[in-house]
Amino acid sequence: MGFNILKFIEVKRDGGEHSRSDIEGFVNGLMDGSVKDYQAAAWLMGAFIRGLTMSEMSYLTTALANSGDVFKLPANGFSVDKHSTGGVGDKVTLVLVPLVASLGIPVAKLSGRGLGFTGGTVDKLESIPGMNMHLSIEDFKTQVAQIGCAVSGHSLQLAPAEGKLYHLRDVTSTVPSMGLIATSIVSKKIAGGADGFVFDVKWGRGALMETYDGAVALGRLLVDLSSSLGHPSRAVLTSMEQPLGDWVGNAAEVREALEVLMGEGPSSTREVSLLLAREMVLLARRASSPDEALDMCRRALDGGSALERFAMMVERQGGDPRVTDPSTWDRLLPLAPERAVVIAEEDGFMAGIDTRAIGEALRTLGGGRIRKEDPIDHGVAIKVHCSVGQPVSRGDVLLEILGRTKGAAEEAAATLGGSLVISKEPVDSIPLVGEILYPLERVAKS
Ligand code: URA
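Source: prediction; values computed, not measured.

## Looking at the sheet that holds strand 12 (residues 420-423)
Pairing in this open sheet of three strands is antiparallel, and the strands run 10-8-12 from one edge to the other. Of all the strands in the sheet, the pair left with one neighbour each is strand 10 (391-392) and strand 12. As paired elements, strand 8 (residues 348-353) and strand 10 share two bridges and run antiparallel to each other. When the bridges of strand 10 are listed, Gly348 appears paired with Val392.

## Thoughts on the side chain of Glu253
Residue placement: Glu253 occurs in helix 11 (residues 250-261). Separated by 2.8 Å, the side chains of Glu253 and Lys124 make a polar contact. If we skip the residues at most four places from it in the chain, Glu253 touches Gly89, Asp90, Lys91, Leu94, Lys124, Trp247 and Val248.

## Observations concerning the site of the ligand
By nearness alone, every residue bordering the ligand is listed as Tyr166, Arg169, Ile181, Ser184, Ile185, Lys188 and Leu208. At a separation of 2.6 Å, a nitrogen atom of the ligand approaches a polar side-chain atom of Ser184. Within the side chain of Lys188, one N or O atom sits 2.6 Å away from an oxygen atom of the ligand. For the ligand, whose accessible area on its own is 240 Å², the fraction buried by protein is 86%. Within the residue set of the shell around the ligand, elements represented by two or more residues are helix 8 (160-170) and helix 9 (178-191). Examining the composition of the shell around the ligand, we find that four residues originate from one element, helix 9, more than from any other. For the shell around the ligand, the per-class residue count stands at four nonpolar, one polar and two charged.

## A short note on the confidence of the model for the chain
Mean pLDDT over the chain stands at 94; residues scoring 70 or higher make up 97%. When the criterion is pLDDT under 50, residues 442-446 qualifies, and its contacts beyond four places in sequence or with other chains add up to zero contacts.

## Description of a nonpolar patch on the surface
A contiguous nonpolar patch, built from Val341, Ile343 and Val397 and spanning about 190 Å² of accessible area, is present on the exposed surface. The topology assignment puts Val341 in strand 7 (residues 338-343).

What counts as what
- Residues numbered from 1 in each chain as written.
- Predicted model: local features only at pLDDT ≥ 70, side-chain atom pairs only at ≥ 80, totals over all residues.
- Heavy atoms only, no water.
- Pairing = 2+ DSSP bridges.
- Helix = DSSP H or I, 4+ residues; strand = E, 2+ residues; numbered from the N terminus.
- Polar contact = N/O pair within 3.5 Å; in protein donor to acceptor, adjacent residues only side chain to side chain.
- Contact = heavy atoms within 4.5 Å.
- Near = heavy atom within 4 Å.
- Areas by Shrake-Rupley, 256 points an atom, 1.4 Å probe, with all protein chains shown as cover.
- Nonpolar A, V, L, I, M, F, W, Y, C, P; charged D, E, K, R; others polar.
- pLDDT = per-residue confidence, 0-100.
- Patch = residues over 30% accessible without salt bridge, like charges linked within 9 Å, V, L, I, M, F, W, Y side chains within 5 Å.
- Salt bridge = Lys/Arg side-chain N within 4 Å of Asp/Glu carboxyl O.

Written out as structure tokens, the structure is:
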């Protein structure tokens, strides 16, 4: 008998488990239009409430990944991809891609635009004049084969059924389901063609998962699901209790990433980039110990080979490679001209930074979008001068806002004043990274 959507919805409604062929029937129906949006929405709510078993997740992930093109990268070594669950000031991809590629590990990175309060790599790299972030599939593959790395926006042809489901989840309040999030992320990674994945799973006020335990649960699922489908992977937990590094904003984040590629820059951005790069090197089996892998990554940053690879990638994608020279930044990566500040009104210790509010303020300044098609202002930015736990004195600058007009910068400063909490009592600093999750070892039966 053929696929029956009503039976399919009933099975999930009543807490049953789907077979592989039923899930394939559902995804085929999404693609050919025989499954209507209202039916898919009803099933999504069932899946949200009842959950998905590991088998259902792996059938769904495979069916979604196979619903469009699946990139086949040229076989020039084990390729790795990194995926971040999204954050504020997260410019790690810009450092990681050339760094890992400079160590001879191919990196094929498909990235998104920012949406909501989090930024996106495509928008950040488009701050560089001329940069083409929409490579054709052929150009993407050739570039990875020839210079070892490429970063491009998602092609519409990748996992299109996932795109349909994601849109329906967005408008039916069914996004925050662990099983649906994991299948959504892993299906796109598989369609992207890399052999192994490193997931940067963020926790905190500026993250998809607000609690540490929630982030661990998602990381565990991402790693187990990917590994069970033949893609070795690991998840690194990193904090979004405060923005990463000093700067939030497109051109400003490219500048900060370039500083890190020069062996300088804020230690937090450098540390997270090095840790994720280390895990990518280990996943690709290019080092025999974490220390050896970290050493290789440090040398690539401090010796200039990662920066050189960044320049090659920029040039290859139509951008101006002189951007790697800081003396060009005012011309090639200009920042918005008007400045306002948030200052400490009392002595004490930084007790809380509302990361999400900072991301939202950047969006209001024009650095992000409300609708997908909105244009963005690459030059607006927010510099974060404080971190949780740090002592502050009355009058210290805590945030610096660069806006297109004085009024916009001052309005952002007024709003953000309420997003910082100062305590009279000392406050512990927040760890930057948490645990690293590996696939569960299979226990051999005796
Ligand atoms: N990011 C994704 O790609 N999918 C989700 O479901 C949530 C975050």
